[in-house]
Amino acid sequence: MTREELVRVPRFYIPRPHQLAAWKRRSSGKYDYYIKLWARQLGKDTDDIEFAMNWAWRNPGTQTAYIGLDNVWVNNNIFKKYIEGRTFWQDYPDEYIDPKDTQKEVFFGNNPQEMAPARIKFIGFLNDEGIIGSSYDSFYISEASLYRKDAFRYITPIWDRKKKETGRLSVNFNGTPRGMKNVLYDLLRTYTGVDDPNEFPGEHILPTHTCYVDKVTIEDALLPDGRGGWKPMYTKQEIEELRARDIRAYGNDAFFNQENYVEFTTVNAGLVYRGIEELLKEKRYTKFNLDTRKPLYVAFDISSKDKVTDSTAAIIYQWIEGRMMIYDIYEARGISLVEAIGELAKKDYFHLIRLGVLPWDSERSASSETPIEEARRMFPRINWHALDKERVDRGITLVREALPNMWINSDTCDWLVECFNNYEYKRLEKADDWQPKPKHNRYSHLMDALRYAVMGVHELKYFQMNEYGDEVLDWNLTYSDSWTTAKEPWDKPWPEHWQRTEKRTNGGFYYYG
């Protein structure tokens, strides 16, 4: 590049003071791990992308991994994102930057030393976790609080070896807290060496690495003042007005503090089921055995047909004296309902399952047989019932009411607890509010199955209990498809544990006494 070709890069991006401070710290090369705890909408992703591009521009022959939640996130937040009407790539001369939309990578061709072009690979973690390897010189992970608990287990050794072999390491995380039962909290404890969130911010020098935690709150947010300087984004009075609004809306300021002051409250303020914290405190997440004297039930959330990325999930539980005892769970991608039931049939408890609860759309299908018809044909010993169509918010309310009397088997249900700790409402940034429905993501499948399980308890009289915890006979014919009238005699085989003496009432109904 000749003197006449020299340009200022980035050409359009102007960091705000808190972003510029982060650039200076990271450019020093002093920190192996740099973790941003920035309040919502203060430009943490934009700043990371711009810094990663600038680092690549200044270091030909290097490779950078920029990791987002999935390919959809990468596409929408990087390749299709505009900053003041421009893409990220426009910050660099066209002749020296080559973005590859399909491959989700960008090359920088300024090679004064005739080295290979610097490369940034944008990786959707959910889709391409396996390609995150040791060939990268620096790493950026966006929205770290939204990954599963063990997400970085197999990447950590790569960082350790790179640090030992080269003496250099550049790993950058950003995120907003989502409670203390979360991967971001675990990462902070690991790389700072302290447990108290109040001690996270600042520099941490450990024997194996160095770390800096950069905390930026709503009070640190600045805007251009129009005279070449900066002014606070909010006055103290405006901040307190926003706080008061959240208290009116949610009954407390936990969410406000989480999003604006990046506080690690005990429970993620955006969680759908915040009662999970009480369940854990009261040690109702513990090992227990099935009560083989009582029936076992299963509730399914069914994956969308022909959608391999969707999951079929199941909750296996007992309902004993008003308590919901979740004994086991099941989840698998891209399989049908009957395939999932077939997998459960391998379990030693399968013969105890008396009732299967399915969502309302199990009675609908574009093919010749609906999911519930397939289940009844292939597994006739289980009484299959489709729920009535009901609003999601009502089902959520029923689960919240059930949580104080819910027990979860710690031997088999660790993924269920992780789903509880990450199942949250989607934040509407422009409206500064939440969507009325929770996010549909990897945590939602088991949560939907749980909702159907609890809705089944309320909708089906089959679950009504007397004082001894025994089942009450279904005199109101909730199961009109399984119980029978005199005109339509019962001709299906009963499971062995249902073999009782058959009697007929004057009304023509069968019951088992």
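Scroll up to find the structure.
Remember, predicted model here, so these are calculated numbers, not experimental data.

Novice: Would you mind showing me how to read the packing of helix H1 (residues 17-27) against helix H2 (residues 44-58) here?
Specialist: A pair of packed helices can be characterised by two numbers: the angle between their axes and the separation between those axes. The geometry of H1 relative to H2 is characterised by a closest axis approach of 11 Å and an angle of 40° between their N-to-C directions. Judged by the angle between their axes, H1 and H2 are oblique. Of the two possible hands of crossing, H1 and H2 adopt the one that is right-handed. Together, Gln19, Ala22, Trp23, Arg26 and Ser27 of H1 and Asp47, Asp48, Glu50, Phe51 and Asn54 of H2 make up the contact between the two elements.

Novice: So what exactly am I meant to see when it comes to the pattern of salt bridges here?
Specialist: One side chain can pair with another of opposite charge once the charged atoms of both are near each other. Tallied over the entire structure, the rule returns 30 salt bridges. For aspartate 328, the salt bridge identified is with lysine 347, shortest N-O distance 3.7 Å. One end of the pair, aspartate 328, is in strand E15 (residues 323-333); the other, lysine 347, is in the loop between helix H10 (337-344) and strand E16 (353-358), with 19 residues separating them in the sequence. Taking relative accessible area as the criterion, lysine 347 reaches 38% and is therefore assigned partly exposed. Residues participating in the shared-partner salt-bridge network are Arg40, Lys44, Glu143, Arg178, Glu259, Glu424 and Lys439.

Novice: Where do I start with the sheet that holds strand E8 (residues 202-205) in this structure?
Specialist: Hydrogen bonds between backbone groups are what pair the strands of a sheet, and the pairing can be parallel or antiparallel. With mixed pairing, nine strands are arranged side by side in an open sheet as E3-E4-E5-E2-E6-E7-E1-E9-E8. The strands lining the two open edges of the sheet, one partner per strand, are strand E3 (97-100) and E8. Across the sheet, the mean angle separating the axes of adjacent strands is 15° when strand polarity is ignored. The pairing of strand E1 (residues 33-38) with strand E9 (residues 210-216) spans six bridges and is classified as parallel. Paired with tryptophan 38 across the bridge in E9 is valine 216. Contacts from H1 reach E1, strand E6 (138-141), strand E7 (171-175) and E9 within the one sheet, and its direction differs from that of E1 by about 170°. Of the strands in this sheet, strand E2 (63-68), E3, strand E4 (105-108) and strand E5 (118-124) are in contact with helix H3 (residues 71-79), which crosses E5 at around 130°.

Conventions used here
- Residues numbered from 1 in each chain as written.
- Predicted model: local features only at pLDDT ≥ 70, side-chain atom pairs only at ≥ 80, totals over all residues.
- Heavy atoms only, no water.
- Axes fitted to C-alpha atoms, helices over the stretch in contact; angles between N-to-C directions.
- Helix = DSSP H or I, 4+ residues; strand = E, 2+ residues; numbered from the N terminus.
- Parallel < 35°, antiparallel > 145°, perpendicular 65-115°, else oblique.
- Left-handed = near helix turned anticlockwise from the far one by under 90°.
- Contact = heavy atoms within 4.5 Å.
- Salt bridge = Lys/Arg side-chain N within 4 Å of Asp/Glu carboxyl O.
- Buried < 20%, exposed > 50% of the residue type's maximum accessible area, 1.4 Å probe, protein only.
- Pairing = 2+ DSSP bridges.

So far we have only geometry, and geometry alone does not tell us how the molecule works.
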